[in-house]
Amino acid sequence: MKVLLVDDEPFILQGLRVLIDWKSIGCEIAATAPNGSDAYEYIKNNHVDIVVTDIKMPEMNGIELLKKLREDGFNDLEVIILSGYKDFEFAMQGLKYGCAGYVLKPVEKDELTSLIMKISNKRNELIKESIKKESMEQALLARHVIAVLFGKFDEKNIEYINAQMRLSENVRFASIEFINSYESEDYDENEIRQIHRELYELCEEILKDDKNHVVFDTSFDQNSNEIGLIMCDYMHNDLNMTEEEYLINLKNEILSRFRLPIRILAGKQVKGINNISKSYSTVRILRSFEGFRPKKEIYFYENEVQINQGGGVLCKQNIDELIRAIELNSHKDISYKVTELFKEMSRLGITSETIKLNMDYLLFGLIHLATSQDDQVNQEEILQYISESSFHEGILRGSSEHLSEFAIEYAEYLSQLRKNVSVSVLDELENEIKNNYMKNISLKELSVKLYINSSYLGQIFKKKYGMSFKDYLTVYRINEAALLLVETEEKITKISEMVGYKDNDYFVRKFIEIKGCTPSKYRKNRND
C-alpha cells in the first residue's frame, strides 16, 4: 500500500519514516508533504492508499484535507489523524468525515502499526469479496452466453447479456484455442486445465473493459481448449482497425506472453446477439474444413468456406489408392496419396457434404482392412481406436500431415495385428508401471521401449484391464498412496509427491474420485 506522510515538521516526517519497517507490513512511503494543500495536489495526480496526517498545519490543516478528499470522491482513501490531547475536538471532526482512526502524539510504533494492519486486513477482505462476487457474476454471464450460443435461450438470457456487455449490431463468435499437438499425453489433464485457465485470464487482461466478452469454455467437447470471444464492430472500429487486423493484433499480444501456439477461428458475422448461435455453428464447420486448408493462425469463415450447392463429391479413386498404400504399409506412398486426396478435395471446393462422404468412405475401408487381417477384431474397438488417434486431429484440427501420420500409424497397427503380438508384452508393461509409476511415464514412451505401436498397445491394454493406460496408472498411484497413508506417518503432501503428483489439490481430487473420501479421512478410518 502506498502511504503519504503529511506534517509541517520535517523531523516528525523523518521520524515517521524510520519508526516502522513499512515494507514488512506491506507498505511503502510514496511521498511526504508539508501541508494539506500540497498533499491534496499529490493525491490528485498519484495513487495513494493511506494518508498519515497531522492536524495543525499551515495553508490547509489535516481536517480540511480530509473533508476536501471526501467531498471530491476519494472515499476509498484511508486517512489516519495524528493529534495531541488538546486536539480532541479536531479528532472528533476527523471521525465525522470517516478517518480510519487517530493516534496520539508522541506516536507509538505499536499503535500506528496496529492501525495500519487493521486497514490492511479490511482491504484484503474487501478484495476477496470483490473477487468472489466477480467470479460469480462471470459464471452467471457465461451460463447466459452459452445458452444463446447453443440456441436454447429466452428473452431473460438476452436481457442479462445486454446488461453486462457492450454490444453492437454486428457480432461474431470467435474461438481462441491453444495447440497442444495431437499427442494427448503431452500434458496431463490437470496441466491442460491450468494452461486453459492461463489463456482465459490472459485474454481477459488484454480485452480490459471488454473482458466480459470472453468465456472460459464454450465447447461440447470435454477435450477442447477453446476460449470463446463475442466480437463486436466497435472493438476494431475504436482502434481504427479492420476485423482481421484486430485479431492479428490480439493473436500477437497473446503469443508474446503465452507458452503455446494458438489459433483463432472466427465464425460468420451475424446481426444481433440473438443470432450468435449461427456464428457459433459456423466455427464448428470451419474447424471441420481446417484440415483441408493451408495451415494458418487465424481463420475467417467467409474467407475459408466455399459454398457448393452440388453436394458432396466422392474422391473414390484417391481414397482406394490410399487404403491400398496403408494395407501395404508403404509410408512413402501413404504420404503421397494423402497429399493427392487433399489436392483433389480442395480443387472440388470443400463442403461439409464432401468431407463427410469421403471420410465415411475412408473409415469403412479402414475397418474392413482390420477385420480382414483378424476376424476376431471387434469393429467397435477399431472405431474407438480411430476416434482416440490422431485421425480426429487430422480432420478436425490439423492438416494433411496429421492425416498422413495417422495413416502410417494405422498401417503399423495392421502390421501388429498380422504379427499377433504376445501377451507377454503386457507383463513387461506391468513391470514398467510397478517400477516407475511415480515418474512421468506415458504409453507412447513405453511403446517405443517395448518396440510396439502405441495405439495397438493401448487397445490390447484396455482389452485386458477394462480401462485406459492413463486411468490404470492413476488407480495404481492412488492405491500406492492409500498404503502409504496407513503404513507411514508421512504428510499427505509428501505422499502426493512420492506417488508422482506435483499438484496436491489434483492428487486429493483423484483420491476422492477413486476411494470415495479424502486422504486424511481414509487414514483416520483405517487407523481407528
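The coordinates are above.
Residues numbered from 1 in each chain as written. Predicted model: local features only at pLDDT ≥ 70, side-chain atom pairs only at ≥ 80, totals over all residues. Heavy atoms only, no water.

Chemist: An account of the packing of helix α12 (residues 316-327) against helix α13 (residues 331-348) is needed here, citing residue identities and associated values.
Modeler: Two numbers describe how α12 lies on α13: the axes approach to 9 Å, and their chain directions differ by 165°. By the angle class used here, α12 and α13 are roughly antiparallel. The crossing of α12 and α13 is left-handed. Across the interface between the two elements, N318, I319, E321, L322, A325 and I326 from α12 touch D333, I334, K337, V338, E340, L341 and E344 from α13. The residue inventory of the contact of α12 with α13, partitioned by class, reads seven nonpolar, one polar and five charged. (Axes fitted to C-alpha atoms, helices over the stretch in contact; angles between N-to-C directions. Helix = DSSP H or I, 4+ residues; strand = E, 2+ residues; numbered from the N terminus. Parallel < 35°, antiparallel > 145°, perpendicular 65-115°, else oblique. Left-handed = near helix turned anticlockwise from the far one by under 90°. Contact = heavy atoms within 4.5 Å. Nonpolar A, V, L, I, M, F, W, Y, C, P; charged D, E, K, R; others polar.)

Chemist: Quick one: what's the story with the side chain of R523, residue by residue and with numbers?
Modeler: The topology assignment puts R523 in helix α24 (residues 519-527). Despite its burial, R523 pairs with no opposite charge; the closest candidate is E490, at 7.4 Å N-O. When neighbours within four sequence positions are excluded, R523 is seen to be in contact with L484, L485, T488, E489, E490 and I495. (Buried < 20%, exposed > 50% of the residue type's maximum accessible area, 1.4 Å probe, protein only. Lys, Arg positive; Asp, Glu negative; His and termini not counted. Salt bridge = Lys/Arg side-chain N within 4 Å of Asp/Glu carboxyl O.)

Chemist: Which residues make up the sheet that holds strand β3 (residues 50-54), and what are the values?
Modeler: The strands making up a sheet associate through hydrogen bonds between their backbones, and the pairing can be parallel or antiparallel. What the five strands build is an open sheet, ordered β2-β1-β3-β4-β5; its pairing is parallel. The open sheet has two edge strands with one neighbour each: β2 (28-33) and β5 (101-104). Adjacent strand axes in the sheet meet at a mean angle of 20°, parallel and antiparallel pairs treated alike. As paired strands, strand β1 (residues 2-6) and β2 are joined by five bridges and run parallel to one another. Note that in β2 the partner of L5 across the bridge is T32. (Pairing = 2+ DSSP bridges.)

Chemist: Run through the nonpolar core, naming residues and quoting values.
Modeler: Within the largest apolar cluster, 56 residues are counted, with the highest numbers of intra-cluster contacts made by I326, I334, L429, L457 and F469. Filtering out sequence-adjacent residues up to four positions away, L457 remains in contact with V425, L426, L429, L443, S447, L450 and I452. In this structure, I227, I230, C232 and Y299 belong to the second largest nonpolar core, which totals 52 residues. (Core = buried A, V, L, I, M, F, W, Y, C linked by side-chain atoms within 4.5 Å.)

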